[in-house]
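Descriptive structure summary
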Amino acid sequence: MSLSSFEFLPLTEDFEFLPFHSKDKDLNDFLFDDAKRYLAELMAVTYLFIDPQAQKTVAYFSLLNDKVAYDPEERSFWNRLNRKISNRKRRKTYPSVKIGRLAVSEDYSGQGIGCEILNFIKHAFTHGNRTGCRFITVDAYAAATDFYIKNGFDFFTKKDRNDATRLMYFDLKPFKDALDK
Ligand SMILES: CC(C)(COP(=O)(O)OP(=O)(O)OC[C@H]1O[C@@H](n2cnc3c(N)ncnc32)[C@H](O)[C@@H]1OP(=O)(O)O)[C@@H](O)C(=O)NCCC(=O)NCCS
């Protein structure tokens, strides 16, 4: 099954939700209880994929602005990151977009939809941008870090390796360069 079979729409404050079920309760609660409030407060925008035939929500993700900032305790990481950026454009912070939430409904999981959504986001932030955006960041659930690694994400630090979530990033420039070749 491919994303192109589904309708894509940004959540609106008057949207009437169609059924969605993730095995993770927090992700269900966010969609039904919090996503509209985040939208109203300009804190995150949620996007939905809907299966029009089944009248179900296939998946959703929410996005917010972020920045990748220099951490003096992670100097060697920062040097590695900076090496990817041309000399004259090196800064102490870089613009980024955060995936606040990403979830695929259980009925639709394991069919490549999660990967397609990450590609969709990568494409959206490298083509026709309104603002500069160099990285995608995510606080990945520890159980989902392999999913992000498969999709080209990397860890910022080892300090969070025993935490419930791990901060990860994806560099959009090589992705864009490969597409534009
Ligand atoms: C994680 C999630 C978004 C993946 O979506 P999906 O549509 O099921 O994933 P895909 O079918 O695109 O899987 C792509 C690859 O990642 C792997 N993968 C998927 N979920 C994984 C997970 N939780 N851990 C490790 N690997 C995972 C798949 O096995 C597949 O690998 P393969 O190509 O080698 O077979 C989805 O399972 C989900 O909503 N999980 C619960 C919520 C969650 O953890 N969200 C992330 C919050 S940070």
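Throughout, a residue's number is its position along its own chain's written sequence, starting from 1. Local features in this predicted model are restricted to residues of pLDDT 70 or higher, and side-chain atom pairs are both shown and tallied only at a pLDDT of 80 or more, whereas totals for entire chains, interfaces and linings draw on every residue. Only heavy atoms go into the side-chain values, all of them from the structure, while hydrogens and water stay out.

Things to note about the overall build of the chain
Per the convention used, a helix needs a DSSP run of H or I reaching at least four residues, while a strand needs a run of E reaching at least two, with both numbered from the N terminus. Helix and strand counts for the chain stand at five helices and seven strands. Its C-alpha radius of gyration of 17 Å places the chain within 12% of the 16 Å reference for a compact globule of 181 residues. A buried classification covers 40% of the 181 residues belonging to the chain. Residues count as neighbours in contact if any of their non-hydrogen atoms are within 4.5 Å of one another. A separation of at least 24 residues holds for 67% of the contacts in the chain among residues at least 6 apart in sequence. Using a 1.4 Å probe, accessible areas were evaluated by the Shrake-Rupley method; residue-level cover was limited to the displayed protein chains. Of the accessible surface of the chain, which amounts to about 10700 Å², a share of 50% is contributed by carbon and sulfur atoms. Throughout, radius of gyration means the C-alpha value; the globule benchmark is 2.2 Å times the number of residues raised to the power 0.38. Three exposure classes are used, based on accessible area relative to the maximum for each residue type with a 1.4 Å probe and protein chains only: buried under 20%, partly exposed in between, and exposed over 50%.

Focus on the site of the ligand
If you check the shell around the ligand, you find 20 residues, and the closest are Val-104, Gly-110, Gly-112, Gly-114 and Cys-115. The separation between an oxygen atom of the ligand and a polar main-chain atom of Gly-112 is 2.7 Å. Cys-115 is positioned such that a nitrogen or oxygen atom in its backbone is 2.9 Å from an oxygen atom of the ligand. Assessed atom by atom at 2 Å from the grid points, the ligand resides in the largest pocket. Only strand E4 (93-104), helix H3 (113-124), strand E5 (135-141) and helix H4 (145-150) provide two or more residues apiece to the shell around the ligand. Sorting elements by how many residues they give to the shell around the ligand places H4 first, with four residues. Only a single heavy atom is needed: when it lies within 4 Å of a molecule or strand, its residue is near that molecule or strand. Here a polar contact is recorded for every N or O atom pair within 3.5 Å, except that within protein the pair must consist of a potential hydrogen donor and a potential acceptor, and residues adjacent in sequence are included only if both atoms are side-chain atoms. Points on a 1 Å grid, built from protein atoms alone, make a cavity when a 1.4 Å probe fits but cannot get out and make a pocket when they are open with protein on both sides within 12 Å along at least 5 of 7 lines; residues with an atom within 4 Å of a point are the lining residues. Whether a molecule sits in a cavity or pocket is decided by its atoms, more than half of which must lie within 2 Å of the grid points.

Comments concerning the side chain of Thr-126
Position of Thr-126 among the secondary structure elements: in the loop between H3 and E5. Assessed through its relative accessible area of 9%, Thr-126 is described here as buried. In terms of polar contacts, Thr-126 uses its side chain to reach the side chain of His-127, at 2.9 Å. Leaving out residues up to four positions away in the same chain, Thr-126 has contacts with Leu-172, Phe-175 and Lys-176.

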